[in-house]
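Architecture and fold: a report
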Amino acid sequence: DVILPCHPEACSLKKRMEEEGGLAMMSGSGPSVFGLFRDPAAAENVYRSLREDGIEAYLCRAVSRI
């Protein structure tokens, strides 16, 4: 609630991930925004889109499921 209104770029990243079906959150008070996706193809699409826009992004997979 505090960071996103002051940093529109973080808000934009969060929105992009959510529009593709991800659950997007920030790590602590920032500056990292991450998304959790059930659909690997959706995660891949967001990753490629972010990279094409020059945004530093990483695609990771869970090691185990709880």
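Described in the following lines is the structure provided in the data block. (Residues numbered from 1 in each chain as written. Predicted model: local features only at pLDDT ≥ 70, side-chain atom pairs only at ≥ 80, totals over all residues. Heavy atoms only, no water.)

Another point: the nonpolar core. In terms of nonpolar packing, the biggest core is built from 10 residues, these being Leu 4, Ala 10, Leu 13, Met 17, Ala 24, Met 26, Val 33, Val 46, Leu 50 and Ala 57. Counting residues per element, the ones that place at least two in this core are helix 2 (8–19), strand 1 (23–26) and helix 3 (40–52). For this core, the element with the highest residue contribution is helix 2, accounting for 3 residues. Apart from residues lying up to four places away in sequence, Ala 10 is in contact with Leu 4 and Val 33. (Core = buried A, V, L, I, M, F, W, Y, C linked by side-chain atoms within 4.5 Å. Buried < 20%, exposed > 50% of the residue type's maximum accessible area, 1.4 Å probe, protein only. Helix = DSSP H or I, 4+ residues; strand = E, 2+ residues; numbered from the N terminus. Contact = heavy atoms within 4.5 Å.)

In strand 1, alternate side chains face the same way, and those of Ala 24 and Met 26 are buried while those of Leu 23 and Met 25 on the opposite face are not. When strand 1 meets strand 2 (residues 33–36), the two strands line up antiparallel, connected through 4 bridges. Looking at the pairing, Met 25 lines up with Phe 34 of strand 2. (Pairing = 2+ DSSP bridges.)

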